[in-house]
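Observations on the three-dimensional arrangement
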Amino acid sequence: CGYNEIYTYTFFNSALLDKMGVEPTDSRYRCVTLSNPLSQDFENMRTTTMPLMLEALERNYTRKVSQAKLFELGRVFLHSENIKEGKLCEEDQILTLGSYDETSDFFDMKEAIDNILDQFHILDLEYDIERITNKREYHPGISARIKIGEDIIAEFGKISPKIRGNYMLPENTYIASIYFEALT
């Protein structure tokens, strides 16, 4: 789909969740904290790849890169009281897409997601698309989630103006998360 792969750290500072507008009651605040971190910036295992993707997009934009299409396939780690025996936390694999361009729009991101889901034959199944209204990082009128039954397969949309203000990013900044655990 023309995206370039990036690799970000699996550690992060939970302050990035505040910068992204995540509610303190959100499950993404259930961080696995390291007992001996390299620094304060790396004190938690990441619970989402979105803030790290936004920082990568911001680095490109502030270095005068006129358009960017990035992706990362990586794990996130959630602390859980009900973890299976022998596991330290819940792990999920997420494909994160991020892009900005003067001509980008919602449907460009949807097309990229459709191309990926087609590889898993998800488009052959009956699925629903609904608006995202409960996540501050997304623009409420220009975001959606794809569901099969009650399972959320993907979430995507334009970054909300308020959250975009926390980063140096252009107006047409889009991000998507595809939840690989839900695809299997």
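Heads up: these notes are all about the structure in this document. None of these values were measured; they are calculated from a predicted model. Positions within a chain are numbered from 1, following the residues in the order the chain's sequence is written. Only residues with pLDDT of at least 70 get local features here, since the model is predicted, and only at 80 or more are side-chain atom pairs given and counted; chain-wide, interface and lining totals rely on the full set of residues. The side-chain values count all of the structure's non-hydrogen atoms but skip hydrogen atoms and water molecules.

Thoughts on the nonpolar core
- For the purposes of this section, nonpolar cores are sets of buried Ala, Val, Leu, Ile, Met, Phe, Trp, Tyr and Cys residues that join through side-chain atoms within 4.5 Å. When a residue's accessible area, from a 1.4 Å probe over protein chains only, is under 20% of the maximum for its type it is buried; when over 50% it is exposed; and in between it is partly exposed. By size, the foremost hydrophobic cluster in this structure holds 23 residues, and its most contacted members are M20, L54, L57 and I175.
- Put simply, DSSP H or I for four residues or longer makes a helix, DSSP E for two residues or longer makes a strand, and each gets a number counted from the N terminus. Ranked by residue count, the leading element in this core is helix α2 (residues 50–62), at six residues.
- The contact partners of M20, leaving out residues within four places of it in the chain, are R28, T48, M50, P51, L54, E137, I163 and Y167.
- Of all hydrophobic cores here, the second largest spans 20 residues; its members include Y3, F106, I116 and A176. Whether two residues touch is decided by their heavy atoms; if any such pair falls within 4.5 Å, the residues are in contact.

Quick look at the pattern of salt bridges
- Take a side-chain nitrogen of Lys or Arg and a carboxyl oxygen of Asp or Glu: if they are within 4 Å of each other, that pair is a salt bridge. The full count for this structure, using the stated rule, is 13 salt bridges.
- Where E72 meets R46, a salt bridge forms, and the shortest distance between an N and an O atom there is 3.3 Å. Of the two residues, E72 sits in strand β4 (residues 68–78) while R46 sits in the loop between β3 (44–45) and α2, which places them 26 residues apart along the sequence.
- Put simply, D114 and K110 hold a salt bridge, and the shortest N to O gap is 2.8 Å. Residue D114 and its partner K110 are both found in helix α3 (residues 106–119); the two are separated by four residues, about one turn of the helix.
- A relative accessible area of 17% means that D114 is categorised as buried.
- Relative accessible area serves as the criterion here: at 14%, K110 is assigned to the buried category.
- Through salt bridges with shared partners, a single network forms among E130, K135, R145, K147, E150 and E155.

No statement about biological role is implied by the geometric values presented.
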